[in-house]
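Chain by chain, the residues run as shown.
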Number of protein chains: 2
Amino acid sequence: MRQPAGRSARRSGGERKPREERWAELIEVATQVFYEKGYDGASLQDIADRLGMLKGSLYYYIQSKEDLLFDVISAVHKQGLEVVRGRADVPGGPLDKLESVIVGHVEHTCRNLVPTAVFLHELSALPVERREEILGSEHAYQGVFRDLVEQGQAAGQVRADLDPRLAALSILGSTNWVYRWFRPGGTFTPEQIGAEMAEMAIRGIATEDVLKARTA
Amino acid sequence: MRQPAGRSARRSGGERKPREERWAELIEVATQVFYEKGYDGASLQDIADRLGMLKGSLYYYIQSKEDLLFDVISAVHKQGLEVVRGRADVPGGPLDKLESVIVGHVEHTCRNLVPTAVFLHELSALPVERREEILGSEHAYQGVFRDLVEQGQAAGQVRADLDPRLAALSILGSTNWVYRWFRPGGTFTPEQIGAEMAEMAIRGIATEDVLKARTA
DNA sequence: CGTTGTACCTACCAAACGGTAGAGTGGGAG
DNA sequence: CTCCCACTCTACCGTTTGGTAGGTACAACG
């Protein structure tokens with residue numbers, strides 16, 4: 001099949017959309033298609049079909065398929081990073097901050113499930129340079145968590161024998177994994193999930209003193 | 001380019017390999033290629049090239065590309081499940097079992113990094129029926145963890161207010177995430193990582209009593 | 001020596017892929 | 001009324017894809 005050719009004769013009614021609005025639609029549709037089929041499994045034909053557009057017309061908006069993935073991923077990553085960094089600035093001790101960060105991170109993941117899944121799953125489809133352009137060479141996300149763990153250790157609130165990087169990766173693992181099982185309308189709300197996960201994570205790394213104070 | 005045609009005239013020397021040995025090579029190469037390029041991004045041409053074989057010849061061994069992915073994934077999943085189930089039968093209380101399960105799971109992941117990554121990353125490339133054929137309809141892996149959490153609660157060793165499924169998913173998240181950052185020869189050995197992660201996970205869900213006893 | 005079966009090659013398909021060039025087409029501005 | 005240009009379509013390209021049909025060299029066996 002060269003081109004569908006069926007739905008030609010100009011989409012009836014002919015509601016023309018302005019550039020910005022159409023671009024937003026493109027990103028949204030592309031995100032959804034990448035989510036369903038993966039980057040390599042998705043074709044520009046799929047995306048164009050859902051937009052009621054022909055494949056070639058997409059190139060009025062994009063330069064390449066890869067650009068599309070890049071835009072999808074960098075948008076959601078930037079957004080998430082802002083959330084997490086904002087939460088790290090909340091008043092209180094390191095553990096209070098960490099709690100806020102975890103809750104914020106989980107909520108953001110749940111509320112942006114599809115783009116987040118694309119980010120976490122398809123990042124590897126980008127060439128290394130563009131990947132690092134997004135992540136920042138020293139893994140910004142991971143850094144926020146690790147820094148808070150270290151601050152917690154300095155304050156005597158986190159077990160000193162713990163490796164901060166390992167602890168950060170453990171917490172990031174459990175929270176990032178959420179994108180694989182969370183479905184809106186399930187048993188728990190994003191807030192509940194965030195709260196429970198924060199509780200587990202913090203108890204997992206805290207010193208005895210903190211735990212006693214926390215329970216009391 | 002139709003076919004390379006360069007290395008024709010029958011692979012010189014002509015060391016013929018018996019079926020079983022060649023099959024093992026195929027699986028190993030396919031696993032590696034799927035790991036590097038993803039299932040959709042990998043082509044049978046890639047795989048055949050690395051085997052020093054022509055694309056068409058692969059069909060002497062397989063029926064379809066999908067079969068290859070299925071075999072890779074189901075093998076490593078079965079193996080991992082055996083490890084985890086075996087560890088769950090270790091003598092001791094629920095938390096001792098859970099600790100052993102976590103350590104075993106992490107070690108297995110680290111020692112089978114490439115196939116595990118393919119399993120966790122490309123499972124979604126399989127059609128639902130075959131996916132469920134592997135996982136078992138009620139998520140066998142997750143079940144092991146959840147059961148242990150519930151047993152822990154029954155024994156008063158795990159906080160009663162915790163949702164067992166959520167706890168299991170949290171633990172599975174942090175341990176499964178390991179495939180994304182572990183590299184052999186890094187700072188930590190699989191044993192160390194397993195031990196630390198088990199410690200964090202168990203402290204995260206245990207009751208105060210258990211924690212006091214654990215420290216002492 | 002002839003037969004048989006294994007393991008691979010040759011040569012090909014139709015379909016789909018990402019991408020390009022250029023021709024409309026309709027609405028808004030002058 | 002006209003002209004412009006934002007936006008989409010038509011028609012195509014070269015390449016690669018998963019997959020197939022039939023042939024062939026070789027070793028083992030009777």
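Predicted, not measured: the structure shown is a model, and the values here were computed from it.

K.L.:
Explain the overall build of chain A residue by residue, including any values.
P.N.:
Scanning chain A from N- to C-terminus turns up 10 helices and 0 strands. Counting helices and strands in the order they occur from the N terminus, chain A gives α-α-α-α-α-α-α-α-α-α. The C-alpha atoms of chain A give 21 Å as radius of gyration, which overshoots the globular expectation for 216 residues (17 Å, by more than 25%). On the principal axes, the C-alpha backbone points of chain A span a range of 75 × 40 × 30 Å. Sorting the 216 residues of chain A into buried and exposed places 51% on the buried side. Of the contacts made within chain A by residues no fewer than 6 positions apart, 68% connect residues no fewer than 24 positions apart. Surface accessibility of chain A: about 10700 Å² in total, with carbon and sulfur atoms responsible for 50%. The positive charge centre, built from 27 side chains, and the negative charge centre, built from 31, are 7 Å apart in chain A.

K.L.:
Please give an account of the relation of the copies chain B and chain A that cites residues and values.
P.N.:
If you rotate chain B by 180° and push it 0.0 Å along the axis, it lands on chain A with an RMSD of 0.0 Å. Interpreted geometrically, this transformation is the action of a two-fold axis. When the interface residues of chain B are mapped onto chain A, 100% of them are again interface residues, pointing to one common binding face.

K.L.:
Quick rundown of the pattern of salt bridges? Include the residues and the values.
P.N.:
Following the criterion strictly, the structure yields 22 salt bridges over all chains and no others. With a shortest N-O distance of 3.3 Å, Arg-111 of chain B and Glu-107 of chain B are connected by a salt bridge. Here Arg-111 of chain B pairs with Glu-107 of chain B, and both are found in helix 4 (residues 94-111), just 4 residues apart, close to one helical turn. Glu-107 of chain B gets classed as buried once you look at its relative accessible area, which sits at 14%. Salt bridges linked by common partners bring Glu-66, Asp-67 and Arg-130 of chain A together as one network.

K.L.:
Let's hear about the packing of helix 1 (residues 19-37) of chain B against helix 2 (residues 44-51) of chain B: which residues, and what values?
P.N.:
Working note: a packed helix pair is described by the angle between its axes plus the distance between those axes. Residue and element names in this part refer to chain B. With their axes 9 Å apart at the nearest point, helix 1 and helix 2 run at an angle of 130° to one another. When the interaxial angle is binned, helix 1 and helix 2 end up oblique. When you trace helix 1 past helix 2, the crossing you get is right-handed. Facing Arg-22, Glu-25, Leu-26, Val-29, Ala-30, Gln-32, Val-33, Phe-34, Glu-36 and Lys-37 of helix 1, the residues of helix 2 in contact are Asp-46, Ile-47, Arg-50 and Leu-51. Looking at the contact of helix 1 with helix 2 residue by residue, the class counts come to 7 nonpolar, 1 polar and 6 charged.

K.L.:
Mind laying out the domain arrangement of chain A, listing which residues take part and the relevant values?
P.N.:
Residues and elements named next belong to chain A. Annotation of chain A at the domain level lists domain 1 (19-62) and domain 2 (72-215). When each unit is reduced to the centre of its C-alpha atoms, the spacing between domain 1 and domain 2 is 30 Å. Counting residues at the interface gives 7 residues for domain 1, matched by 8 residues for domain 2. At the boundary of domain 1 with domain 2, total buried surface from both sides reaches about 690 Å², with 77% on carbon and sulfur atoms. Three residues stand out in domain 1 for area buried against domain 2, namely Thr-31, Tyr-35 and Tyr-39, and they jointly supply 66% of the buried area on that side.

K.L.:
Outline the interface of chain B and chain A, supporting the account with residue identities and numerical values.
P.N.:
Accessible area lost upon the coming together of the parts serves often as the stated size of an interface. Taken together, the contact between chain B and chain A spans 34 residues of the former and 34 residues of the latter. Taking both sides of the interface into account, the surface hidden between chain B and chain A amounts to around 3200 Å²; carbon and sulfur atoms contribute 62%. Taken as a group, Leu-166, Trp-177 and Met-200 of chain B account for 22% of the area that chain B buries against chain A, more than any other trio of residues on that side. The tally of links from chain B across to chain A stands at 2 salt bridges. In this structure, Arg-203 of chain A and Glu-208 of chain B form a salt bridge, with 3.4 Å as the shortest nitrogen-oxygen distance. Summed over the shared surface of chain B and chain A, the number is 5 residue pairs in polar contact (both at pLDDT 80 or more). Of all the elements in the fold, those that place two or more residues in the side of chain B that touches chain A are helix 5 (113-122), helix 8 (164-176), helix 9 (190-205) and helix 10 (208-215) of chain B. Here the residues of the side of chain B that touches chain A sort into 14 nonpolar, 9 polar and 11 charged.

K.L.:
Would you mind going over the UniProt feature "DNA-binding region" (unreviewed entry) in chain A in detail, with residue names and values included?
P.N.:
The feature "DNA-binding region" (unreviewed entry), as given by UniProt, occupies residues 43-62 of chain A in the numbering adopted here. Summarising residues 43-62 of chain A: 40% helix, 0% strand, and an end-to-end C-alpha distance of 14 Å.

K.L.:
Explain helix 2 (residues 44-51) of chain A residue by residue, including any values.
P.N.:
All names here are of chain A. Every buried residue of helix 2 is listed here: Leu-44, Asp-46, Ile-47, Ala-48 and Leu-51. Where helix 2 is buried, its residues touch helix 1 (19-37) and helix 3 (65-87). One or two positions beyond helix 2, positive phi appears at Gly-52, with a value near 70°.

Basis of the calculations
Residues numbered from 1 in each chain as written. Chains lettered and ligands numbered in written order. Predicted model: local features only at pLDDT ≥ 70, side-chain atom pairs only at ≥ 80, totals over all residues. Heavy atoms only, no water. Helix = DSSP H or I, 4+ residues; strand = E, 2+ residues; numbered from the N terminus. Rg over C-alpha atoms; globule rule 2.2 N^0.38 Å. Buried < 20%, exposed > 50% of the residue type's maximum accessible area, 1.4 Å probe, protein only. Contact = heavy atoms within 4.5 Å. Areas by Shrake-Rupley, 256 points an atom, 1.4 Å probe, with all protein chains shown as cover. Lys, Arg positive; Asp, Glu negative; His and termini not counted. Charge placed at Lys NZ, Arg CZ, Asp CG, Glu CD. Least-squares fit on C-alpha atoms with pLDDT ≥ 70 in both. Salt bridge = Lys/Arg side-chain N within 4 Å of Asp/Glu carboxyl O. Axes fitted to C-alpha atoms, helices over the stretch in contact; angles between N-to-C directions. Parallel < 35°, antiparallel > 145°, perpendicular 65-115°, else oblique. Left-handed = near helix turned anticlockwise from the far one by under 90°. Nonpolar A, V, L, I, M, F, W, Y, C, P; charged D, E, K, R; others polar. Domains from an automatic or database assignment. Buried area = accessible area lost by both parts, 1.4 Å probe. Polar contact = N/O pair within 3.5 Å; in protein donor to acceptor, adjacent residues only side chain to side chain. UniProt positions renumbered as here; feature names shortened; annotations may be inferred.

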